[in-house]
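Close look at the chain arrangement
Here is how the chains run, residue by residue.
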Amino acid sequence: GAGVSQSPSNKVTEKGKDVELRCDPISGHTALYWYRQRLGQGLEFLIYFQGNSAPDKSGLPSDRFSAERTGESVSTLTIQRTQQEDSAVYLCASSLASVAAYNEQFFGPGTRLTVL
Amino acid sequence: GDSVTQMEGPVTLSEEAFLTINCTYTATGYPSLFWYVQYPGEGLQLLLKATKADDKGSNKGFEATYRKETTSFHLEKGSVQVSDSAVYFCALSETRGGSNYKLTFGKGTLLTVNP
């Protein structure tokens, strides 16, 4: 079956503009995660969705960042008034959610965002 | 908070050499531990995992043992191949309310294997 997909694969924008990044998780995966990877850094957690609700938004770096999920499927990460420090690869992952042991997170290919 | 520290690269080896990439962690609870791999031009993939102390995760000739006493999860392979060239990430996940949760990653180690 299809894996996690993300669009666009690359986005170049000017400082101050808004951007929207899209994630299509694996069908049936109720958990969805956003991470970002800045140059020379590890992946940083941004936000976690269980279904359409986000029980943990603690990783969002500022109020310019927001995310939503609809239909327990597609998620959109929006960055308003982009800054150069927002330049990074934004990764989405999805997993089955259960009350059992760890469920593997499957990652998308990422969106490379460059803010000029 | 939780954190993962892994050996910084880059690491360059000849084919058939022995590989060790060190990883240590700090966690408030009892985490599950993982190694992820990112091959050139591809997305992150789970390589192996261990969910409790003394568990050994293994896959594709790679192994890592969950050592609670040293808070470590070092990745090893006895004989690397050119195709193992990739970036390797150590990560942990703590369960909350019985469910798996966000991953905390190390910075990654770039491995290059020369023929």
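Preceding block: the structure.
None of the values given here were measured: they were computed from a predicted structure. (Residues numbered from 1 in each chain as written. Chains lettered and ligands numbered in written order. Predicted model: local features only at pLDDT ≥ 70, side-chain atom pairs only at ≥ 80, totals over all residues. Heavy atoms only, no water.)

Residues and elements named next belong to chain A. Burial of strand E11 (residues 111-115) is one-sided: the residues Thr111, Leu113 and Val115 facing one way are buried, the residues Arg112 and Thr114 facing the other way are not. Note: strand E2 (residues 10-13) against E11, four bridges, orientation parallel. Paired with asparagine 10 across the two strands is arginine 112, which belongs to E11. By the bridge criterion, three bridges tie strand E9 (residues 88-95) to E11 in an arrangement that is antiparallel. Opposite tyrosine 90, over in E11, you have threonine 111 as the bridge partner. (Buried < 20%, exposed > 50% of the residue type's maximum accessible area, 1.4 Å probe, protein only. Helix = DSSP H or I, 4+ residues; strand = E, 2+ residues; numbered from the N terminus. Pairing = 2+ DSSP bridges.)

Let us now look at the environment of Val19(A). Residue and element names in this part refer to chain A. By the element assignment, valine 19 lies in strand E3 (residues 19-24). A C-alpha to C-alpha distance of 9.0 Å links valine 19 and leucine 113, two positions 94 residues apart in sequence. Other than its neighbours up to four places away in sequence, valine 19 contacts Lys11, Thr13, Leu77, Thr78, Ile79, Thr82 and Leu113. (Contact = heavy atoms within 4.5 Å.)

This paragraph deals with the interface of chain A and chain B. On the side of chain B, 19 residues touch chain A, which itself brings 23 residues to the contact. Summing the contributions of chain A and of chain B, the shared interface buries around 1,800 Å²; its carbon and sulfur component is 54%. Where chain A touches chain B, the interface holds one salt bridge. A salt bridge links Lys102(B) to Asp56(A); the shortest N-O distance between them is 3.6 Å. Remark: the boundary between chain A and chain B carries two residue pairs in polar contact (both at pLDDT 80 or more). Taken together, the elements giving at least two residues each to the side of chain A that touches chain B come down to strand E4 (31-37), strand E5 (43-50) and E9 of chain A. Residues that form the side of chain A that touches chain B fall into these classes: eleven nonpolar, ten polar and two charged. (Buried area = accessible area lost by both parts, 1.4 Å probe. Salt bridge = Lys/Arg side-chain N within 4 Å of Asp/Glu carboxyl O. Polar contact = N/O pair within 3.5 Å; in protein donor to acceptor, adjacent residues only side chain to side chain. Nonpolar A, V, L, I, M, F, W, Y, C, P; charged D, E, K, R; others polar.)

Looking now at the sheet that holds strand E1 (residues 5-7) of chain A. Residue and element names in this part refer to chain A. With antiparallel pairing, four strands are arranged side by side in an open sheet as E1-E3-E8-E7. Both edges of this open sheet fall to E1 and strand E7 (65-69), since each of them pairs with a single strand only. Along the sheet, successive strands turn relative to each other by an average axial angle of 15°, direction set aside. (Axes fitted to C-alpha atoms, helices over the stretch in contact; angles between N-to-C directions.)

A word on the packing of aromatic side chains. Evaluated as defined, the whole model comprises 13 aromatic pairs over all chains. Residues Phe107(A) and Tyr36(B) carry aromatic rings whose centres are separated by 5.5 Å and whose planes lie at 80° to one another, so their mutual orientation is edge-to-face. One end of the pair, Phe107(A), is in strand E10 (residues 106-107); the other, Tyr36(B), is in strand E5 (residues 32-38), on a second chain. The residues Phe107(A) and Tyr36(B) share a single accessibility class, namely buried. Among the aromatic residues, those joined into a ring-pair cluster are Tyr33(A), Tyr35(A), Phe45(A), Tyr48(A), Phe107(A), Phe34(B), Tyr36(B), Phe89(B) and Phe105(B). A cation over a ring is seen here: Lys68(B) above Tyr30(B), with NZ or CZ 5.3 Å from the ring centre. (Phe/Tyr/Trp six-rings, centres within 6.5 Å; stacked < 30°, edge-to-face > 60°. Lys NZ or Arg CZ within 6 Å of the ring centre and 35° of its normal.)

Looking now at unusual backbone geometry. That bond from Ser7(A) to Pro8(A) is cis: its omega, -10°, falls within 30 degrees of zero. In this structure, Pro8(A) sits in the loop between E1 and E2. Cis geometry is found at the peptide bond from Gly9(B) to Pro10(B), where omega equals -5°. In this fold, Pro10(B) is placed in the loop between strand E1 (3-6) and strand E2 (11-14). Phi angles above zero are rare outside glycine, and Glu16(B) is one such case at about 75°. With respect to the helices, strands and loops of the structure, Glu16(B) is situated in the loop between E2 and strand E3 (19-21). You will see that Thr71(B), though not glycine, has its phi angle at about 45°, which is positive. Inspection of the secondary structure puts Thr71(B) in the loop between strand E8 (62-65) and strand E9 (75-77). Relative accessible area serves as the criterion here: at 30%, Thr71(B) is assigned to the partly exposed category.

Shape is all these values report; function is a separate question.
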